[in-house]
Structure formats: structure tokens, C-alpha cells
Amino acid sequence: MTRLATTFAACAAQNRAALVCFVTGGDPAPAATPAILDALVAAGADVIELGMPFTDPMADGPAIQLANLRALGSGTTTAALFEIVRDFRTRHPDVPLVMMGYANPMVRRGPDWFADRCRDVGVDGVICVDIPPEEDAALGIPLRAAGIDLVRLATPTTDAVRLPQVLANASGFLYYVSVAGITGKQQAASASIDAAVARLKAATDLPVAVGFGVRTPEQAAAIARTADGVVVGSAIVETIAAAYAAGQDPAAAIMAYVGGLSAAVRSARQDAPK
Amino acid sequence: MTIQNSYRAQPSPDGHFGQFGGRYVAETLMPLILDLEREYRAAQADPAFQTELDWLLKHYVGRPSPLYYAERFTEAVRADAPDGMGAKVYLKRDELNHTGAHKINNCIGQILLAKRMGKTRIIAETGAGQHGVATATVAARFGLPCTIYMGARDTVRQQPNVFRMKLLGAEIVPVTAGAQTLKDAMNEALRDWVANVDDTFYIIGTAAGPHPYPELVRDFQSVIGREAREQIMEAEGRLPDLLVAAIGGGSNAIGLFHPFLDDADVKMVGIEAAGHGLDTVEHAASLAGGEPGVLHGNRTYLLQDADGQITEGHSISAGLDYPGIGPEHSWLHETGRVQYESCTDKDALDAFQFLCRTEGIIPALEPAHALSAVVRHARTMPRDQIIIANLCGRGDKDIFTVADALGVKL
């Protein structure tokens, strides 16, 4: 079993959702990222999403846009990101790590090169915002050949007719983008999330993780009652940025904030109204 | 029966021009662009759509635009050319359109599609402001609210166009992200679109973006080439030897070129902006100085670094200041059907003044790049040969930039 499959299965066995935590790699500088990733794991992150910074993050809201600028401004390269992953894999042999980003940095040196590097350093999966199933050949084929999961996105606009196309060749988990919009902005009504998760779970055996706009432990817990995973991104990126701005240790801020999310996700189904 | 190879049969059904083009968008937008494609196919098959488009192009835009023999321009080139050289230069006068550029041809077509799809809100990006003005114009004409994204730096460089758009009732959103120019405006328009998928139509200004935009923008702009073909047959009884057009994203060029692509004897040259020179980093020549990559929904030549980070273009012309190019041009470049050359800021300024003085026409800085190449080519072509250049915009918007570049204080 892959690390992603093992982790989601272990969470399911504990009757809880997995907590998936996103940070932008190299924000604010590549040297800061290893300690930030360690703090996420220590605070209870089950899966790490490492954002690849890009000059033109057109699906991201202001928080992650700024994180991209900080990362690129401090000289974060693709090579530096892969080194960060290689070292993470040494320290955390069992924690799944997924690279998330935009097509161009992933295909720049050819998709085979990217897929091979992912395999070599211990990346478990890839989420590419702007390669829909229609352009699968641009990246999906070499990733599958290298044994890397291609995590597909489903959205509120993905209707029943289209869903099978999204699920074909999807692996690792299915990422449900709960709002039509950009990252970090608004949160969907929990009733609509529950309905969407039920619809997706009826169509696939993959774990379904829900993200976009998740900010508070209460929101995370509400999603964790039905979904297999809860993804938090912009709020973590903001927490780290605020810690730096205040001259504080980001690891402590992560422990406090992500620790709260983790506790909420772990107890969500115990607290659930019968 | 033999099947004739055609350069006019692109894109493929899935939106590719060879290895270029495609639909590189977030999943949220995929169903929308599939809807748009369905609606465009329905419109193509609907004679009423074409009738309404033709009526508006004639009575609202002012088409057909003249094909004008630039006799004094031609004579001035000949005066400097070797004996017997100096091709006849015709100008396709798309600067005479309503709003002063070719951009409106496409905006009329797209807003008719928006109406067919029942969309109630229009968004667009703009660099120099010409596409923003054309979009605000058609939005006013059809009574739809309109939001225009424009890089904050461009709103300062192009204040007259910002005011024009406001007069037309559009809301202007200055974009402070990134370098605050055209590509950042496009990112922000995409962010708006993904959050307003139900009611909003995105009028993309150039022949780029996810399929079907490059195809439909090309089709709406091809009225330029279709008219030019008829007009040159009427004036000269034969096809031209050379077509020349400036390229930012490339919509005016593809509009002129496309109807002639299968005429093997018609050569074509697209002119990219070389800014301060191709040997510097200050240029916007994606084909000459870029490599294939993925941005804004399509695979095409891009200015980028070794890691695929997009680098900033530079041109004196805000309309050419974009780090990419329409995917069909990338394909025509690789097939060799069209030659792509470049022109520096300085040479464009010279050609700008040359046209002012020889013909009494103030061109936009974008076609001034093409005119510089026209002079270069005309000098080496016999006098009985014919060049058509696309005069795709007028220069009123640029007089402040030109004055500044010439060291004149207004």
C-alpha cells in the first residue's frame, strides 16, 4: 500500500478524518520550511501538501498569492523544493507528502523529469490545479508510470455526467473543492458539503478530502463528520505569516493553531449529534 | 481523391494546434468552457447569429474598413531603396473602427455569445486599455454590467483609457498583484470568473486562453483578412505577396493571416516587440526569446526562467507587453508557414513618425512595430510586388508615451 492509502486507512480505522495541511514551500525562505513541516506533523497533520510557488497563481486568494511572492522572492527553486522533500522523507518515513501547484513549473523540464524526481525524493502524490482530465497526457501518464498518485479535483461545477471523467485515473484521494472560487475566501454551507461528499463517495472508493475556505476548528469538525479528509491551507499560511510579522516562532503558532484543528478533527465523530 | 493539407483546419476537436493550445484550466472552469464551446458551435450553425454579427459590424463598428494604398509611404520607401525596388504598401485601416482598434470585432462576437448563453455580467482584462474600452463599449451597447481588470501600473500609464471605460459605465479594478500589468490582470479576471461561474461571461481580448477562445477570437478577427482579400482582388486583381502584422497575443495578426494561410504564394511576417533589444531581458518576444510552457489556459511559447516561472515582458507598447503569444502563432512558427521577426522600441518610434509624416495617419505603437518591418521588407522587394500591413489601431492613446520617449514635455 502507498503511504497515502495507509494513512487514510489508519484514520478510517480510528473512525476519524485525516487532517491535510498545506503550506507554500519556501515561504518565507527555503531554510524555514523543514521546521514548519516538522511542526505541522507534531501538531497532528496526517498528510502534508507542499505548495510549489508560481509567479501566476490564478486559483489562489491573497494569502497564498503573497506566500508565493515571498517564496520566489527568497529564491525558492524547484531543486530546493525537492531537497526539502528528500530531507522530510528521511525525518518522517511514514507521513505522506503531496506536491501541489500549477502546470508550468511541473512540466518545465518535461513531465518525465518531474515524475522521476518526485519518485526519487519520496513525493507520494501530485495535485495540479490547471491540468484537468482533458489534458491528462501532459502529466498524468509519466506520474502513473513513476508510481506517483495523481490527485484529482472535483468542484461544485463537476456534475454527474462529468464526474466519471474526473475519477478516471484519479488516485491517492479525491480533493473536493467545496466552493466555486479561489483559495482562502469563503466557506460553503455544511449541508451542501455533506451532500457533495455523499455523492462523491457513492461514485468512488477513493478517500474524499474537502478543502477551500476551512478556517476554524468548528468548520473542520463539521466536515470531518462525513468526509475522509479535511484540507486547511490559507489559514495555516496566514498563521505562519502572522508569527513572522510579530517576531514569534512559527512552530509555536503552528502547534497552537493546527493542534486545535487536529483535536477538532479527531473528536468530530464522537461529538456528532446522533 | 486526394485530401489537400490545409493550414486552416486547426485546432483539433480537443482544441490543440499541434502541441500547442489545449484547455489548461481549473476543474471549476472546465464545465464552463465546454458550455462555451457548445454554444459557439450552435452559433456557427445559426444563420441568425451571423446576420446579427454582420449587421453590428457594418452599422455599429463601421466595417468594412478601407484597404488603402499608402502611396506617399511607398514613394518614401522607394526613394531610399535600390533601383527597381520598393513594393507597393497597402494598409488595412482597422484603426478606423469604432473605438479605434481591431479589438471591437471580437468583442461584438463574444457579447453575442454571452447573450445567447443568458449571462448577465461581463468581465475582461486589459493592458493598454484598448480591449477594455471595446469591452466596456459593447457592454454598454447591450446593457450588461461590466468589470475590467487592469494592472495598477497600466492604469497610471493609460489614464485616458481608464476614464473612457468609466464613461462607458464599466467598473475598473486596478490589480496590485505581481508586476501590476496585463498578465496579472488576466490572473485576476480568472479569479473573478471562477468565483462567479453562474452569471459571468469572460471576454478574452486576444487569440489565447483555453480552447475555444483562441479559435473563436481568430474567427471573429478573420473578418480583417476576408475583407482584405476581396479588396486587394478588386484593387490589383491578384493576391498580395506579403502580409505584415504586429503580435502581442496575436489577434490582429491571426485575423489578417488566417484567410490567406492556404495561399502558398502569400508570405506572412508577424512582428514581436523587441523592446530594448533581444539581447537584453527587456523585450516581449515570446517566440524569439521564450520556450513552450503552460499559462492562462493554453500551452504556448512563454517568457520564463529555467524553473518555469514567468518573466515580465517589456515593450514601449502596453498592448504588446505580454509574456506569451496565442497558441496558433506558436504552431505557425513551428510549421514555418509564418515568419516571425521583431522590432525594437526605437525602430517602432521611427516608423510611428514616418507614417505620421508621409500619410497623415497617427498609428498606435502596436502597428508601428509592423510598419517598421514593412519598410525593411519593401526595400528588398520589386516595385510590382504588394504588401498589406494591418493598421490595427490608432495612436491617440499613445501620444503621451511617444512624447515622453521623444523627450517632449506636454
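Since this is a predicted model, take the numbers as computed values, not measurements.

### Describing the overall build of chain A
(1) Moving on: Helix and strand counts for chain A come out as 12 helices and 9 strands.
(2) Moving on: Here chain A has a C-alpha radius of gyration of 17 Å; the compact-globule value for 274 residues is 19 Å, and the two agree.
(3) Moving on: Taken along its principal axes, the extent of the C-alpha atoms in chain A is 50 × 45 × 35 Å.
(4) Moving on: Here chain A holds 274 residues, and the buried ones make up 61% of them.
(5) Moving on: Taking as baseline every contact in chain A between residues at least 6 positions apart, the subset at least 24 positions apart corresponds to 72%.
(6) Moving on: Just so you have it, chain A exposes about 9500 Å², and 59% of that area is on carbon and sulfur atoms.
(7) Moving on: Taking the average place of the 21 positive charges on the side chains of chain A and the average place of its 26 negative ones, the gap between the two points comes to 2 Å.

### Let's talk about the nonpolar core
(1) Moving on: In terms of nonpolar packing, the biggest core is built from 192 residues, with Leu40 and Tyr175 of chain A touching the most fellow members.
(2) Moving on: Residues in contact with Leu40 of chain A, not counting those within four places in the same chain, are Cys21, Val23, Ala45, Ile48, Ile236, Ile254 and Val258 of chain A.

### Focus on the interface of chain B and chain A
(1) Moving on: Between chain B and chain A, the residue contacts involve 35 residues of the former and 35 residues of the latter.
(2) Moving on: Between chain B and chain A, the buried area comes to about 2800 Å², and carbon and sulfur atoms account for 49% of it.
(3) Moving on: Ranking the residues of chain B by area buried against chain A places Glu27, Arg191 and Asp307 of chain B at the top, with a combined share of 25%.
(4) Moving on: Here chain B is connected to chain A by 4 salt bridges.
(5) Moving on: Counting across the interface, chain B meets chain A through 22 residue pairs in polar contact (both at pLDDT 80 or more).

### Remarks on the domain arrangement of chain B
All names here are of chain B.
(1) Moving on: Per the domain assignment, the segments making up chain B are domain 1 (32-47 + 103-217) and domain 2 (61-100 + 222-405).
(2) Moving on: Relative to domain 2, the C-alpha centre of domain 1 lies at a distance of 23 Å.
(3) Moving on: With 29 residues of domain 1 at the interface, the matching set in domain 2 holds 29 residues.
(4) Moving on: There are 1 salt bridge connecting domain 1 and domain 2.
(5) Moving on: Here Lys183 and Glu312 are joined by a salt bridge, their closest N and O atoms 3.6 Å apart.
(6) Moving on: Inspection of the region where domain 1 meets domain 2 yields 7 residue pairs in polar contact (both at pLDDT 80 or more).
(7) Moving on: Among the secondary structure elements, those contributing two or more residues to the side of domain 1 that touches domain 2 are α4 (103-116), α5 (130-142), α7 (159-167), α8 (182-195) and α9 (213-221).
(8) Moving on: Tallying contributions element by element places α8 first for the side of domain 1 that touches domain 2, with 5 residues.

### Quick word on the state of the cysteines
All names here are of chain B.
(1) Moving on: Scanning all chains against the criterion turns up 0 disulfides over all chains.
(2) Moving on: Take Cys146: it sits in no disulfide, and the sulfur closest to it among the cysteines is that of Cys107, at 9.1 Å.
(3) Moving on: Cysteine Cys343 shares no disulfide, and the gap to the nearest cysteine sulfur, in Cys392, comes to 13 Å.

### Points about a nonpolar patch on the surface
All names here are of chain B.
(1) Moving on: Side chains of Ile362, Ile399, Phe400, Leu406, Val408 and Leu410 sit close together on the surface and give an oily, nonpolar patch of about 580 Å² of accessible area.
(2) Moving on: Along the polypeptide, Leu406 turns up in the segment after α16 (399-405).
(3) Moving on: Taking relative accessible area as the criterion, Leu406 reaches 41% and is therefore assigned partly exposed.

### Focus: helix α14 (residues 345-359) of chain B
Residues and elements named next belong to chain B.
(1) Moving on: Its 15 residues place the ends of α14 21 Å apart at the C-alpha level, agreeing with the 21 Å of an ideal helix rising 1.5 Å per residue.
(2) Moving on: Taken as a whole, α14 has its buried residues at Asp345, Ala348, Leu349, Ala351, Phe352, Gln353, Leu355, Thr358 and Glu359.
(3) Moving on: Note on α14: the residue one or two positions beyond its end, Gly360, has a positive phi of about 70 degrees.

### Section: the pairing of strand β6 (residues 146-151) of chain B
Residues and elements named next belong to chain B.
(1) Moving on: Here β6 lies mainly inside the structure; 6 of its 6 residues are buried.
(2) Moving on: Alternating residues of β6 divide into Cys146, Ile148 and Met150 and Thr147, Tyr149 and Gly151, and every residue in both groups is buried.
(3) Moving on: Two strands pair when backbone bridges link them, and strand β5 (residues 121-126) and β6 are joined in this way by 5 bridges, in the parallel orientation. The residue of β6 that forms the bridge with Ile123 is Thr147.
(4) Moving on: Chirality of the crossover, the property in question, places the unit of β5, α5 and β6 among those that are right-handed.
(5) Moving on: Sheet analysis places β6 next to strand β7 (residues 171-175), joined by 5 bridges and oriented parallel. Directly across from Gly151, in β7, lies its bridge partner Val175.

### Observations concerning the sheet that holds strand β4 (residues 88-92) of chain B
Residues and elements named next belong to chain B.
(1) Moving on: Spatial strand order, β3-β4-β14-β9-β10-β13: 6 strands in an open sheet with mixed pairing. Strands with a single pairing partner mark the edges of an open sheet, and in this sheet they are β3 (67-69) and β13 (339-344). Neighbour-to-neighbour, the strand axes of the sheet open up by a mean angle of 30 degrees, direction not taken into account.
(2) Moving on: Summarising the sheet, strand β10 (residues 267-275) and β13 pair through 6 bridges and their orientation is parallel. Each residue of the ladder has a partner; that of Ala273, found in β13, is Cys343.
(3) Moving on: Along the sheet, α14 contacts β3, β4, β10 and β13; its crossing angle with β13, the most-contacted strand, is approximately 85 degrees.

### Some details on the pairing of β10 of chain B
All names here are of chain B.
(1) Moving on: Counting buried residues in β10 gives 8 out of 9 residues, a clear majority hidden from the surface.
(2) Moving on: Pairing between strand β9 (residues 242-247) and β10: 6 bridges, direction parallel. Bridge pairing links Ala246 to Ile271 in β10.
(3) Moving on: Where the polypeptide runs from β9 across helix α11 (residues 251-257) and back to β10, its parallel neighbour, the crossover connection is right-handed.

### Describing the packing of aromatic side chains
Remark: the centre distance and the inter-plane angle together describe each pair of aromatic rings, the angle taken between the planes.
(1) Moving on: Enumeration over the complete set of coordinates arrives at 14 aromatic pairs over all chains.
(2) Moving on: On the basis of an interplanar angle of 45 degrees and a centroid distance of 5.4 Å, the ring pair of Phe8 of chain A and Phe173 of chain A is categorised as tilted. Here the residue Phe8 of chain A occupies a position in helix α1 (residues 3-13), and Phe173 of chain A occupies one in the loop between α8 (163-167) and β7 (174-177), the gap between them amounting to 165 residues. In this pair, the class of Phe8 of chain A matches that of Phe173 of chain A, namely buried.
(3) Moving on: Aromatic side chains Phe49 of chain B and Phe220 of chain B sit 6.4 Å apart centroid to centroid with 40 degrees between the ring planes, which places their arrangement in the tilted category. Placement of Phe49 of chain B in helix α2 (residues 47-61) and of Phe220 of chain B in helix α9 is noted, with a sequence separation of 171 residues between them.
(4) Moving on: Members of the aromatic cluster, connected to one another through ring pairs, are Phe82, Trp113 and Phe114 of chain A.
(5) Moving on: Over the ring of Tyr68 of chain B we find Arg93 of chain B; its NZ or CZ atom is 5.5 Å from the centre of that ring.
(6) Moving on: For Arg141 of chain B, the ring lying beneath its charged end belongs to Phe142 of chain B, and the centroid distance is 5.0 Å.

Rules behind the numbers
- Residues numbered from 1 in each chain as written.
- Chains lettered and ligands numbered in written order.
- Predicted model: local features only at pLDDT ≥ 70, side-chain atom pairs only at ≥ 80, totals over all residues.
- Heavy atoms only, no water.
- Helix = DSSP H or I, 4+ residues; strand = E, 2+ residues; numbered from the N terminus.
- Rg over C-alpha atoms; globule rule 2.2 N^0.38 Å.
- Buried < 20%, exposed > 50% of the residue type's maximum accessible area, 1.4 Å probe, protein only.
- Contact = heavy atoms within 4.5 Å.
- Areas by Shrake-Rupley, 256 points an atom, 1.4 Å probe, with all protein chains shown as cover.
- Lys, Arg positive; Asp, Glu negative; His and termini not counted.
- Charge placed at Lys NZ, Arg CZ, Asp CG, Glu CD.
- Core = buried A, V, L, I, M, F, W, Y, C linked by side-chain atoms within 4.5 Å.
- Buried area = accessible area lost by both parts, 1.4 Å probe.
- Salt bridge = Lys/Arg side-chain N within 4 Å of Asp/Glu carboxyl O.
- Polar contact = N/O pair within 3.5 Å; in protein donor to acceptor, adjacent residues only side chain to side chain.
- Domains from an automatic or database assignment.
- Disulfide = S-S within 2.5 Å.
- Patch = residues over 30% accessible without salt bridge, like charges linked within 9 Å, V, L, I, M, F, W, Y side chains within 5 Å.
- Expected span 1.5 Å × (residues − 1).
- Pairing = 2+ DSSP bridges.
- Right-handed = clockwise from strand over helix to strand, strands pointing away.
- Axes fitted to C-alpha atoms, helices over the stretch in contact; angles between N-to-C directions.
- Phe/Tyr/Trp six-rings, centres within 6.5 Å; stacked < 30°, edge-to-face > 60°.
- Lys NZ or Arg CZ within 6 Å of the ring centre and 35° of its normal.

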